[in-house]
Amino acid sequence: AAPGPGATPGPDQAQVNAAAGMSETDREAMIEGMVANLDQKLRENPVDPEGWTRLVRSYLVLGRTDDARDAVARGIEALGAGSEDGKRFAAFSASLNLSLEETAQ
């Protein structure tokens, strides 16, 4: 399915193919760059629930739990804690043990 309006797409097939042929160091640098790019796009256009979900998952895969917690707090603030998108994102975050209460600790 295509991303919704304003949604930040993931890597395309050409990027996936390029990553397959890279050294581990180059691949990690590319991934870090893609995650940083996603974070920047969300700072510029924060009303993107799928983008926030992708960012939190990306930070967790990279072992950057503090950054994931920060993204949870920023995402809930951007989406609105009382909105349907905000509630779904909060539930997603809680399923990863990254609830809003944990981010405040």
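None of these values were measured; they are calculated from a predicted model. (Residues numbered from 1 in each chain as written. Predicted model: local features only at pLDDT ≥ 70, side-chain atom pairs only at ≥ 80, totals over all residues. Heavy atoms only, no water.)

What about the pattern of salt bridges?
No. 1: Applying the stated criterion to the full structure yields eight salt bridges.
No. 2: Note that Arg 64 is salt-bridged to Glu 32, the shortest N-O span being 2.5 Å. With Arg 64 in the loop between helix H3 (49–61) and helix H4 (65–79) and Glu 32 in helix H2 (residues 24–44), this pair connects stretches of sequence that are 32 residues apart.
No. 3: Relative accessible area serves as the criterion here: at 27%, Arg 64 is assigned to the partly exposed category.
No. 4: For Glu 32, a relative accessible area of 32% corresponds to the partly exposed category.
No. 5: Across the pair Asp 66 and Arg 69 runs a salt bridge, and its minimum N-O distance is 3.7 Å. Of this pair, Asp 66 and Arg 69 both sit in helix H4, three residues apart, which is roughly one turn of the helix.
No. 6: Residue class for Arg 69 comes out partly exposed when judged on its relative accessible area of 27%.
No. 7: Three or more residues are tied together by salt bridges with common partners; here these are Asp 39, Arg 43, Asp 70 and Arg 74. (Salt bridge = Lys/Arg side-chain N within 4 Å of Asp/Glu carboxyl O. Helix = DSSP H or I, 4+ residues; strand = E, 2+ residues; numbered from the N terminus. Buried < 20%, exposed > 50% of the residue type's maximum accessible area, 1.4 Å probe, protein only.)

Section: unusual backbone geometry
No. 1: Of note, Asn 97 is a non-glycine position whose phi angle comes to about 60 degrees, a positive value.
No. 2: Residue placement: Asn 97 occurs in the loop between helix H5 (84–95) and helix H6 (100–103).
No. 3: Overall, Asn 97 belongs to the exposed group, its relative accessible area being 54%.

Here's the deal with the confidence of the model for the protein chain
No. 1: Considering every residue of the protein chain, the mean pLDDT works out to 86; 84% of them sit at 70 or more.
No. 2: Here H6 is the element of the protein chain with the lowest mean pLDDT, 54, and H4 is the one with the highest, 97.
No. 3: The low-confidence segment residues 1–5 (pLDDT under 50) makes one contact with residues lying over four places distant or belonging to another chain. (pLDDT = per-residue confidence, 0-100. Contact = heavy atoms within 4.5 Å.)

Section: the nonpolar core
No. 1: In terms of nonpolar packing, the biggest core is built from 15 residues, with Trp 52, Leu 55, Val 56, Tyr 59, Ala 71 and Phe 89 touching the most fellow members.
No. 2: Sorting the residues of this core by element identifies H2, H3, H4 and H5 as the ones contributing at least two each.
No. 3: Other than its neighbours up to four places away in sequence, Ala 71 contacts Trp 52, Leu 55, Val 56, Tyr 59 and Phe 89. (Core = buried A, V, L, I, M, F, W, Y, C linked by side-chain atoms within 4.5 Å.)

Points about the packing of H4 against H5
No. 1: In contact at an axis separation of 8 Å, H4 and H5 are set at 165 degrees when each is read in the N-to-C sense. Here H4 lies roughly antiparallel to H5, going by the angle between them. The chirality of how H4 crosses H5 is left-handed. On H5, the residues touching Ala 71, Val 72, Gly 75, Ile 76 and Leu 79 of H4 are Asp 85, Gly 86, Phe 89, Ala 90 and Ser 93.
No. 2: Looking at the contact of H4 with H5 residue by residue, the classes come out as six nonpolar, three polar and one charged. (Axes fitted to C-alpha atoms, helices over the stretch in contact; angles between N-to-C directions. Parallel < 35°, antiparallel > 145°, perpendicular 65-115°, else oblique. Left-handed = near helix turned anticlockwise from the far one by under 90°. Nonpolar A, V, L, I, M, F, W, Y, C, P; charged D, E, K, R; others polar.)

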